[in-house]
Amino acid sequence: MATRRLPLGLVCASLTAARAACGGPVPTGQSGATLSAAFQGAAAHEGVPLRLLEAIGWQESRWFMPPHRNIEGGYGLMNLKDGSTLQEAHRLTGLPLEALEHDPTANIQGAAAVLRHVADHYFAEYPTRDPSALSDWFEVVERYS
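Residues numbered from 1 in each chain as written. Predicted model: local features only at pLDDT ≥ 70, side-chain atom pairs only at ≥ 80, totals over all residues. Heavy atoms only, no water.

Participant: Could you clarify how one ought to interpret the overall build of the protein chain in this entry?
Facilitator: From N to C terminus, the protein chain includes seven helices and two strands. For the protein chain, the N- to C-terminal ordering of α and β elements is α-α-α-β-β-α-α-α-α. Looking at the 145 residues of the protein chain, the share that counts as buried comes to 46%. Taking the contacts inside the protein chain whose residues are at least 6 apart along the sequence as the reference set, 55% of them involve residues at least 24 apart. (Helix = DSSP H or I, 4+ residues; strand = E, 2+ residues; numbered from the N terminus. Buried < 20%, exposed > 50% of the residue type's maximum accessible area, 1.4 Å probe, protein only. Contact = heavy atoms within 4.5 Å.)

See below:
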């Protein structure tokens, strides 16, 4: 199966459209905690741009937390994939696989940890890139995908 790539422009355009359609903030998740707080917490904890994390979540699931693995073999809002990003998120965060699969906050945290891990390698390899510039995360998103 081919790896799906998420171009940064498409991801950011999706976020812009989502925010316009939703009237602003990220909607409330099924767990009772707002998804906005989950995205903000994960972004701050891992040092991943909030807009990027939200955009990937919108692109992957439209901010919907499915109760089971999806047709692509991924779990949750962030579509963590069994055999790749799911196990990497587990290794990096220490969160149980069950939580990464079914809890929105853990799922977002896991994806943010994987993005941070990819970013650390990428920005070390290309020191002229600026981690504070959203546009310089393009290759990180490609590698994450």
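Now, onward.
Participant: What exactly am I supposed to notice about unusual backbone geometry here?
Facilitator: Its identity as a non-glycine residue notwithstanding, Arg62 has a phi of 60°, on the positive side. Judged by its relative accessible area of 46%, Arg62 is partly exposed. Despite not being glycine, Asn79 has its phi angle at roughly 55°, a positive value. Looking at the element boundaries, Asn79 is found in the loop between strand E1 (74-75) and strand E2 (80-81).

Participant: Explain the nonpolar core to me, please; I cannot follow it from the model alone.
Facilitator: Core analysis: the biggest nonpolar cluster contains 34 residues, and Leu53, Met78, Ile108 and Val140 have the highest contact counts within it. If you list the elements that add at least two residues to this core, you get helix H2 (35-46), helix H3 (50-61), helix H4 (85-93), helix H6 (104-125) and helix H7 (138-144). It is H6 that contributes the most residues to this core, 10 residues altogether. With sequence-adjacent residues up to four places away left out, Met78 is seen in contact with Phe39, Leu53, Ile56, Gly57, Glu60, Asn107, Ile108, Ala111 and Tyr144. (Core = buried A, V, L, I, M, F, W, Y, C linked by side-chain atoms within 4.5 Å.)

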